[in-house]
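Understanding the architecture of this molecule
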Amino acid sequence: MNLQHGIRANLGQFLHQLLQVLLVGLTIGMMRTVVPALAESEFGVPKNSFMLLTAFVVAFGVVKGAMNFVAGRLSERMGRKRVLLLGWAAALPIPLMIWSAPNWNWIVLATVLLGINQGLTWSMTQTSKLDITRPDERGLTIGLNEFSGYVGVALAGIVTAYLATSLGAREGLLAFGLVVIVLALLLTQWWVKDTLPWAKAEAARHRQGSAPHSMPRYPRNVSAQPGTWEVFALMSWRDRRLGAISQAGLVEKFVDALVWVFYPVFLYGQGVSLPNVGWIIGVYGFVWGGAQLFTGRLSDRIGRHRPNVWGMWICGAGVAMMMLGHGVVWWGACAAISGFGMALLYPNLSAAVADISHPDWRGSAIGIYRFWRDLGYGIGALGLGLAAHFSGQMDAAFWFVALSMFVSGALLWWLGEETHPGINPA
């Protein structure tokens, strides 16, 4: 079967996959504004219980990271579509659990299922798009993927804030969640194609020496069919470039954990209304998502390394600035700065991994990168919870995250290199 690669050649399936990741973003977004902001009044979390408040994001990060790890290998054996279906099936109980939750433990358990859902579904939407597009479109591909997903996150945070205000927190989240998840299951079953054959076709062309583009700087001394441990070692420490990317991915999730857990609590505690909390956090998501339409394509032209390093530092600066001013406009501007930094780094860290991962084990490499990246939710939430707990002030969590981003960006600048095969070929 002669399978063509490229966005234009596979436009119908590419658009289906963009719709899928929009629904993935809507699913996690419904948990990001209402649930933390109303943790005390609706779910019985005692005031200033910082460690208890972060527990659900710690659980999410650990589970999602593990599922990313599993999803990559699993999809190379059973196909991308089946893994995507499994991810949506895992999400079905979540809205019902939130609606009936007698205490915060149920929210933590629902977030475990959310971690399974996000690890399987978001991994597959990204991997599937990379399967069917060309190497010179990877920045644009991942930029569009993350644009769609994080616009979904932002929209869900705003819509659920209004639904919670008009219908009640539980009823609003129940209605929103069921509509999104059932729609996603139906669309996956009837319209999504499995893209594993495209990855196999690309790998076959590489083996025949007929790949029509500059050769990437793949890691050396790698087995023809590397096992899970070999790919894990490559991604984590054996290849310096991939290790630098993985640590940056882990640390940048500290920002998202902070936005998820403490931004709503901090802003609500400052007297900001729940809809305005949704809009401030939504600005972060909209700028992050929308700017990726530009930043992903930018990296296809100037390379991945510089946008990644700049993004780490700009994002950290936005977090630090949250503590230096007051008011809805100021906090919205700070959220926008962090969102722009995220837009610079987020698609391009993933694109850098895809650049130098061979098609035979690219699914596994992306899964392991996403394992480290999303483990950052758990490690970051734990770290910012401890910082707030021992200092007795939420401000400490913001400074902990900002400093981590500056240090991680410096490590990426020092240990990493340009991975774009057209700019720095083998």
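Relevant structure appears above.
Notes on the structure follow. (Residues numbered from 1 in each chain as written. Predicted model: local features only at pLDDT ≥ 70, side-chain atom pairs only at ≥ 80, totals over all residues. Heavy atoms only, no water.)

Some remarks on the environment of M235
For M235, the position within the fold is in helix α11 (residues 228-238). The class of M235 is buried, set by a relative accessible area of 0%. The spatial distance from the C-alpha of M235 to the C-alpha of Y150 is 25 Å, given a sequence separation of 85 residues. Filtering out sequence-adjacent residues up to four positions away, M235 remains in contact with L242, G243, S246, V353, A365, I368 and Y369. (Helix = DSSP H or I, 4+ residues; strand = E, 2+ residues; numbered from the N terminus. Buried < 20%, exposed > 50% of the residue type's maximum accessible area, 1.4 Å probe, protein only. Contact = heavy atoms within 4.5 Å.)

A short note on the pattern of salt bridges
Any two side chains of opposite charge can pair if their charged atoms end up close together. Overall, the coordinates contain 19 salt bridges when judged by the stated rule. Of the charged contacts in the structure, one is a salt bridge between K64 and D374, with a shortest N-O distance of 3.2 Å. Here K64 is found in helix α4 (residues 50-78), whereas its partner D374 is found in helix α16 (residues 362-391), with 310 residues between them in sequence. Each member of the pair, K64 as well as D374, is classed as buried. R80 is the salt-bridge partner of D131, the closest N and O atoms lying 2.8 Å from each other. Linking D131 in helix α7 (residues 104-132) with R80 in helix α5 (residues 80-91), this pair joins segments that are 51 residues apart in sequence. Exposure class is identical for D131 and R80. Each is buried. A single salt-bridge network, built from bridges that share partners, covers R138, E202, R297, D300, R304, D355 and R362. (Salt bridge = Lys/Arg side-chain N within 4 Å of Asp/Glu carboxyl O.)

Describing helix α15 (residues 328-355)
Taking 1.5 Å per residue, 28 residues should reach 40 Å; α15 reaches 40 Å between its end C-alpha atoms and fits that length. The largest bend in α15 is about 25°, located at M342. Burial analysis of α15 places 21 of its 28 residues in the buried class, the great majority of the element. (Expected span 1.5 Å × (residues − 1). Bend = angle between axes of the 7 residues up to and from the residue.)

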